[in-house]
Amino acid sequence: MIRPFLLILCALGVFSSGCEGPQHNAQYGKRSQNDILEYVDHIQLDYRFLRVVEKVITYQPVDPSSKLINYIEVMDQYTNGDGGCPTLLAGGPGFNHTTIKLTSKRNHGLDFIIRIFVKYYF
């Protein structure tokens, strides 16, 4: 009886994880002293039983002609290894837009702080 249950759990991927380590922070680009903090968001999503929680964040500035992203910081607030994984899908440093996907571990939620720094070009 216990073997089929373990087989089902392994088939669902409950024992596997996409990210390793206690904290899953990501930094894209290089921050300089003239950068301006343009965007801050605190993403919190509750867990779903035996499911992976995903959230896609898109940043598009109001006036894209005068600024470029210089640095993106994605900070995982779970420090015990139960956090999610950030992935840069589109744009990023050197572009005026970005799309970031946050993916949780199975049966866990998300808690990230995203900060985007830009440099103005007049």
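Residue positions within a chain follow its written sequence, with the count starting from 1. With the structure being a predicted model, the display of local features is reserved for residues of pLDDT at least 70 and the display and counting of side-chain atom pairs for 80 or more, all residues being used for whole-chain, interface and lining totals. The side-chain quantities take in all heavy atoms of the structure and omit both hydrogens and water.

## What about a nonpolar patch on the surface?
The test is simple: Within this analysis, patches are made of residues with over 30% relative accessible area and no salt bridge. Like charges are joined at 9 Å or less; nonpolar side chains (Val, Leu, Ile, Met, Phe, Trp, Tyr) at 5 Å or less. Reported accessibility uses the Shrake-Rupley method at a 1.4 Å probe radius. Residues are deemed covered only where the shown protein chains occlude them. Salt bridges are identified by distance alone: a Lys or Arg side-chain nitrogen within 4 Å of an Asp or Glu carboxyl oxygen. Under the DSSP-based scheme used, a helix requires at least four consecutive residues in state H or I and a strand at least two consecutive residues in state E, with every element numbered from the N terminus. The buried label applies to any residue whose accessible area, calculated with a 1.4 Å probe on protein chains only, is under 20% of its type's maximum; exposed applies above 50%, and partly exposed to all values in between.
On the surface, a cluster of nonpolar side chains totalling about 350 Å² of accessible area is made up of Tyr47, Phe49 and Leu50. Along the chain, the position of Leu50 falls in the loop between strand E2 (36–45) and strand E3 (54–59). A relative accessible area of 30% places Leu50 in the partly exposed class.

## Overview of the pattern of salt bridges
In this structure the tally under the stated criterion is three salt bridges. Lys67 is the partner of Glu38 in a salt bridge, and the nearest nitrogen-oxygen pair spans 2.8 Å. With Glu38 in strand E2 and Lys67 in strand E4 (residues 67–76), this residue pair connects regions lying 29 residues apart in the sequence. You can call Lys67 buried: its relative accessible area is 9%. Taking the shortest distance from any N to any O, the salt bridge between Glu54 and Lys101 comes out at 3.5 Å. Note that Glu54 is positioned in strand E3 and Lys101 in strand E6 (residues 98–103), a separation of 47 residues in sequence.

## Considering the sheet that holds E6
The test is simple: One requirement defines pairing of two strands: DSSP has to find at least two bridges between them. Throughout, an axis means a line fitted to C-alpha atoms (over the contacting stretch in the case of helices), and angles, computed between N-to-C directions, take values from 0 to 180 degrees.
Read from one edge of the open sheet, three strands run E3-E6-E5, paired in antiparallel fashion. Each edge of the open sheet is held by one strand with a lone partner, namely E3 and strand E5 (85–91). Within the sheet, the average angular offset between the axes of one strand and its neighbour, ignoring direction, is 20 degrees. Pairing analysis gives six bridges linking E5 to E6, with the strands arranged antiparallel. Among the inter-strand pairings, Pro86 is bridged to a residue of E6, identified as Leu102.

## Things to note about the packing of aromatic side chains
To be explicit about the condition: Pairing of aromatic rings covers Phe, Tyr and Trp, the last through its six-membered ring, and needs centres within 6.5 Å; plane angles under 30 degrees mean stacked, over 60 mean edge-to-face, and all others mean tilted.
Counted according to the given criterion, the structure contains two aromatic pairs. For the ring pair Tyr71 and Phe117, a centre distance of 5.9 Å and an interplane angle of 45 degrees mean the geometry is tilted. Within this pair, whereas Tyr71 is found in strand E4, its partner Phe117 is found in strand E7 (residues 110–120), the two being separated by 46 residues in sequence. As far as burial versus exposure is concerned, Tyr71 and Phe117 are alike and both buried.

## Considering the sheet that holds E7
Spatial ordering of the open sheet is given by E1-E4-E7-E2, a layout of four strands whose pairing is antiparallel. Strands with a single pairing partner mark the edges of an open sheet, and in this sheet they are strand E1 (26–29) and E2. Neighbour-to-neighbour, the strand axes of this sheet turn through a mean angle of 15 degrees, independent of strand direction. Relative to E7, E4 runs antiparallel, the two being bridged by nine bridges. Across the sheet, the residue bridging to Met75 is Ile113, located in E7.

## Some points on the environment of Arg31
What counts is decided by this rule: Whether two residues touch is decided by their heavy atoms; if any such pair falls within 4.5 Å, the residues are in contact.
As for its placement among the helices and strands, Arg31 is situated in the loop between E1 and E2. The spatial distance from the C-alpha of Arg31 to the C-alpha of Lys119 is 9.8 Å, given a sequence separation of 88 residues. Aside from chain neighbours lying at most four places away, what touches Arg31 is Tyr71, Arg115 and Phe117.

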